[in-house]
Amino acid sequence: MTYHPKSDFIAIMMERGFLADCTDYQGLDEALSNGIVPAYIGYDATAKSLHVGHLMNIMVLRWLQKTGHKPITLMGGGTTKVGDPSFRSEERPLLDDAAIDANIAGMKEVFAKYLNYGNRSNDAIMLNNAEWLDDLNYLSFLRDIGRHFSVNRMLSFESVKSRIDREQSLSFLEFNYMILQAYDFLELNRRYGCLLQMGGSDQWGNIVNGIDLTRRVAEQEIFGLTTPLLTTSDGRKMGKSQGGAVWLNGDMLSPYEFWQFWRNTTDADTGKFLKLFTELPVEECDRLGALQGSEINEAKIILANEVTTLLHGADAAAAAEATAREVFEKGGVGDDLPTLTLTADDLGDGMSIVQLIVKSGLAKSGKEAKRLIAENGARLNDAPLTDTGLMIDAAALTQPLKLSAGKKRHALVQLG
């Protein structure tokens, strides 16, 4: 695409790799050039923390605010009760109000690290769509909003079609989700003058629905912009590691483990991730990403430090780097390593090394732990671990034990 944007926001989206598609580049660019544009991204409250898979769109909101516009973080207190069926093979478990509220509280902690909330013209605001969805009158909603939706068109959306083609059940509850998301956009436009919805490219159909509805009901021109669905160079979905989701809340994943996730980026992804997840100048990201051999490792440390500083602060990033250097370069036992603390009761007469590897999070199952040992991938206090039947008792834990899976994943086991 050869479009040359006037606005700083679109220019940044394009040059840093955030842009997948836009409903009207020129119209949106004009709006962004002519004043403050309120824009939103919606987040359903399905977990107590956001994870790395959300981070690209959080960075989009941060850049939006840095270029003078107004981010709206819309929490799905209402839509979480329905569940987004997009590209899911089964219905989400339904949560009650207390669980949803607890999840929203956990997610708020993360947004506050990236966005400035307050009362100034481009300060971010956090809203909850339960505010307008919880008390909808069903018949009025069907008559006023439902009549604008074609079931034929809804069935043609890839997120719905893929479920039906695989003969997987799609409940009427879930089928309503896209209408509710479209209605969110209409309400945000009415209440807050919101002109733009952003999201991952899997949300394109839902975003277009909201634009069509707002045009028909409120006769307003509004816009949609999507980011690419991010996969790593080896084809994995961004945000997953061997240990599961890479959470953004420090109480669910330590700053050290978060730092390590970025330090372990593959060479091929380093430059791209620097552009997406840090605020370093694009030229510097390109220079670092092009480094070869052992030099690329320094680029990965810069990536890990920059991303960790944004989320957990400069001190946490510096501590993580110091621990990593101590562990990898000196073979020491860093203070910040993930730690499993066992009581004497937990240990009893002893616990097998296989169980310890699983409990410390270095393997998901006993089978995986045994395979790790059999393939010479496990170490105990930096020495090769070969005995799957080894038992660890209280006497062995007078000092913390260091367990390692491969060269980059470590944990401590201690007696509490």
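We now turn to the structure provided with this report. Residue indices follow the written sequence of each chain, beginning from 1 at its first position. Residue-level local features of this predicted model are given only where pLDDT is at least 70; pairs of side-chain atoms are given and counted only at 80 or more, and the full residue set underlies all totals for whole chains, interfaces and linings. Side-chain descriptors were evaluated using all non-hydrogen atoms of the structure, hydrogens and water having been removed beforehand.

### Description of the overall build of the chain
Turning to step 1, where the next piece is worked out: Counting its regular elements, the chain contains 19 helices and 15 strands.
Turning to step 2, where the next piece is worked out: Since a compact globule built from 416 residues should have a radius of gyration of about 22 Å, the 24 Å found for the chain is in line with a globular shape.
Turning to step 3, where the next piece is worked out: Along the three orthogonal principal directions, the C-alpha set of the chain runs to about 75 × 45 × 40 Å.
Turning to step 4, where the next piece is worked out: Taking all 416 residues of the chain together, the buried fraction comes to 50%.
Turning to step 5, where the next piece is worked out: If you sum the accessible surface of the chain, you get close to 19,400 Å²; carbon and sulfur atoms cover 49% of it.
Turning to step 6, where the next piece is worked out: Just so you know, the count uses Lys and Arg for positive and Asp and Glu for negative, and it drops His and the chain ends. Positions of charges follow a simple convention, taking NZ of Lys, CZ of Arg, CG of Asp or CD of Glu. Mean positive and mean negative side-chain charge positions of the chain (42 and 55 charges, respectively) differ by 2 Å. Think of it this way: any DSSP run of H or I at least four residues long counts as a helix, any run of E at least two long counts as a strand, and we number them from the N terminus. Computation of the radius of gyration draws on C-alpha atoms, with the globule rule given as 2.2 Å multiplied by the number of residues to the power 0.38. We call a residue buried when its accessible area falls under 20% of the maximum for its residue type, exposed when it is over 50%, and partly exposed in between, using a 1.4 Å probe and counting protein chains only. Using a 1.4 Å probe, accessible areas were evaluated by the Shrake-Rupley method; residue-level cover was limited to the displayed protein chains.

### Observations regarding the sheet that holds strand β12 (residues 383-384)
One key point about sheets: their strands pair by backbone hydrogen bonds, in either a parallel or an antiparallel sense.
Turning to step 1, where the next piece is worked out: Taking strand neighbours across the sheet as the criterion, the five strands line up as β9-β15-β14-β11-β12 in an open arrangement whose pairing is mixed. The open sheet has two edge strands with one neighbour each: β9 (339-342) and β12.
Turning to step 2, where the next piece is worked out: When DSSP locates at least two bridges between a pair of strands, those strands are taken to pair. Here strand β14 (residues 401-405) runs beside strand β15 (residues 409-415); their pairing, made up of five bridges, is antiparallel. Pairing of Leu-403 across the sheet is with Ala-411, part of β15.

### Focus: the state of the cysteines
Turning to step 1, where the next piece is worked out: Cysteine sulfur atoms are paired as a disulfide whenever they come within 2.5 Å of each other. According to the stated counting rule, one finds zero disulfides in the structure shown.
Turning to step 2, where the next piece is worked out: Of the cysteine sulfurs around Cys-22, a residue in no disulfide, the closest is that of Cys-194, at 14 Å.

### A few points about the pattern of salt bridges
Turning to step 1, where the next piece is worked out: Throughout this description, the term salt bridge denotes a Lys or Arg side-chain nitrogen within 4 Å of a carboxyl oxygen of Asp or Glu. Counted by the stated rule, this structure contains 17 salt bridges.
Turning to step 2, where the next piece is worked out: A salt bridge links Lys-66 to Glu-279, with the nearest nitrogen and oxygen atoms 3.6 Å apart. Placement of Lys-66 in helix α3 (residues 52-66) and of Glu-279 in the loop between α13 (270-277) and α14 (282-289) is noted, with a sequence separation of 213 residues between them.
Turning to step 3, where the next piece is worked out: For Lys-66, a relative accessible area of 49% gives the class partly exposed.
Turning to step 4, where the next piece is worked out: Look at Glu-279 and you get partly exposed, because its relative accessible area is 27%.
Turning to step 5, where the next piece is worked out: For Asp-267, the salt bridge is made with Lys-300, and the minimal N-O distance between the two is 2.6 Å. In this pair, Asp-267 sits in the loop between α12 (255-263) and α13 while Lys-300 sits in helix α15 (residues 295-312), placing the two residues 33 residues apart along the sequence.
Turning to step 6, where the next piece is worked out: Residue classification places Asp-267 among the partly exposed residues on the basis of a relative accessible area of 41%.
Turning to step 7, where the next piece is worked out: Relative accessible area serves as the criterion here: at 5%, Lys-300 is assigned to the buried category.
Turning to step 8, where the next piece is worked out: Among the charged side chains, a salt-bridge network with shared partners connects Glu-131, Glu-187, Arg-190 and Arg-191.

### Observations regarding the pairing of β15
Within a regular beta strand, the side chains point alternately toward one face of the sheet and then the other, so they alternate between its two faces.
Turning to step 1, where the next piece is worked out: Note: β9 against β15, four bridges, orientation parallel. Bridge pairing in β15 links Leu-340 to Val-413.
Turning to step 2, where the next piece is worked out: Hairpin geometry of β14 and β15 is characterised by an intervening segment of three residues between the two adjacent antiparallel strands and by a positive phi of about 70 degrees at Gly-406.

### Re the packing of aromatic side chains
Turning to step 1, where the next piece is worked out: Ring geometry is summarised as follows: Phe, Tyr and Trp rings, the Trp one being its six-membered ring, pair when their centres sit within 6.5 Å, and such pairs are stacked at plane angles under 30 degrees, edge-to-face over 60 and tilted between the two. By the definition in use, this model includes eight aromatic pairs.
Turning to step 2, where the next piece is worked out: Summarising the aromatic geometry, the rings of Phe-261 and Trp-262 are spaced 5.2 Å apart at their centres and angled 85 degrees between planes, so their arrangement reads as edge-to-face. Just as Phe-261 is buried, Trp-262 falls in that class too.
Turning to step 3, where the next piece is worked out: Taken together, the ring pairs connect Phe-258, Phe-261, Trp-262, Phe-273 and Phe-277 into an aromatic cluster.
Turning to step 4, where the next piece is worked out: A ring is scored as having a charge over it whenever the NZ atom of a lysine or the CZ atom of an arginine sits within 6 Å of its centre and within 35 degrees of its normal. In this structure, Lys-66 packs its charged tip against the face of Trp-63, placed 5.7 Å from the ring centre.

### A word on the packing of α13 against α14
Turning to step 1, where the next piece is worked out: Relative to each other, α13 and α14 sit at 155 degrees, their axes nearing to 7 Å. Between α13 and α14, the angle falls in the class roughly antiparallel. Seen from above, α13 lies across α14 with right-handed handedness. Across from Gly-271, Leu-274 and Lys-275 in α13, the residues of α14 making contact are Val-282, Cys-285, Asp-286, Leu-288 and Gly-289.
Turning to step 2, where the next piece is worked out: Split into classes, the residues belonging to the contact of α13 with α14 amount to four nonpolar, two polar and two charged. Lines fitted to C-alpha atoms define the axes here, with helix axes fitted over just the stretch in contact, and angles between the N-to-C directions of these axes take values from 0 to 180 degrees. An angle below 35 degrees is treated as roughly parallel, one above 145 as roughly antiparallel, one from 65 to 115 as roughly perpendicular, and anything else as oblique. Crossing chirality is assigned from the near helix's rotation relative to the far helix, an anticlockwise turn below a right angle marking it left-handed and a clockwise turn marking it right-handed. Whether two residues are in contact is decided by their heavy atoms, any of which lying within 4.5 Å being enough. Nonpolar residues are Ala, Val, Leu, Ile, Met, Phe, Trp, Tyr, Cys and Pro. Charged residues are Asp, Glu, Lys and Arg, and all others, Gly as well, are polar.

Honestly, it's all geometry; don't read function into it.
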